[in-house]
Amino acid sequence: MRNNIVEAVMGIIVLVVAGLFLNFAFTSQQSGSNDSYNLIAHFDRIDGLNSGGDIRISGVKVGNTSKLEVNPKTFQAKVIMNIRADFKIPDDSSAEIVSEGFMGGKYIALVPGSSETYLKAGEEIAYTQSAISLEALIGKFLFNKSDDAKKDAPSK
């Protein structure tokens, strides 16, 4: 009988801790969304970029991607970025998709410009650089090498 009481108390403690964790997760998610604003960027390619991915300035996270979609008229990828309110982005800034490492994921690196006017919520970053496809680079390298080998081959 005593063993059942100990198990019941431990179960209650586990449930309370789980409830506190869920409450913390919910409130921190809510507070983050109120202290931010959205910016838009268009890219030709966003290979490897995921919704919820990091937005970084000088390697420091300042936001995340909130929505990825394709513009049906231009067929460009439209990325909606959620930026922390304490970061004001100059209107001549650029956005580029870069890799975390050789096999790592992708994130958007913002490169601040020098303008004294800042982008407002809902405005677009005009200067973007799309993701570089590693497969395409390897393919170009291999095909260029084979073309060079054909040029160097003695002709008959």
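Up top is the structure these notes are about.
Throughout what follows, the structure given in this document is the object of discussion. (Residues numbered from 1 in each chain as written. Predicted model: local features only at pLDDT ≥ 70, side-chain atom pairs only at ≥ 80, totals over all residues. Heavy atoms only, no water.)

### Quick notes on the pairing of strand E3 (residues 60–70)
Looking at chain direction, strand E2 (residues 54–57) and E3 are connected through four bridges and run antiparallel. Residue pairing across strands places Ile-55 opposite Gly-63, the latter belonging to E3. Taking the residues between adjacent antiparallel strands as the criterion, E2 and E3 are bridged by two residues, where Ser-58 takes a positive phi near 55°. Pairing analysis gives seven bridges linking E3 to strand E4 (residues 77–84), with the strands arranged antiparallel. If you follow Lys-67 over to E4, its bridge partner there is Ile-80. Hairpin connection of E3 to E4: six residues between the antiparallel strands, including Phe-75 at a positive phi of 60°. (Pairing = 2+ DSSP bridges. Helix = DSSP H or I, 4+ residues; strand = E, 2+ residues; numbered from the N terminus.)

### Here we look at the pattern of salt bridges
Summed over all chains, the structure comprises seven salt bridges. The partner of Asp-47 in a salt bridge is Arg-45, and the shortest N-O contact between them spans 2.4 Å. For Asp-47, a relative accessible area of 32% corresponds to the partly exposed category. The exposure class of Arg-45 is partly exposed, given its relative accessible area of 40%. Lys-67 serves as the salt-bridge partner of Glu-69, at 3.3 Å between the closest nitrogen and oxygen. Residue Glu-69 is classed as partly exposed on the basis of its relative accessible area of 29%. Look at the salt bridges and you will find they share partners, linking Asp-54, Arg-56, Lys-61 and Glu-100 into a network. (Salt bridge = Lys/Arg side-chain N within 4 Å of Asp/Glu carboxyl O. Buried < 20%, exposed > 50% of the residue type's maximum accessible area, 1.4 Å probe, protein only.)

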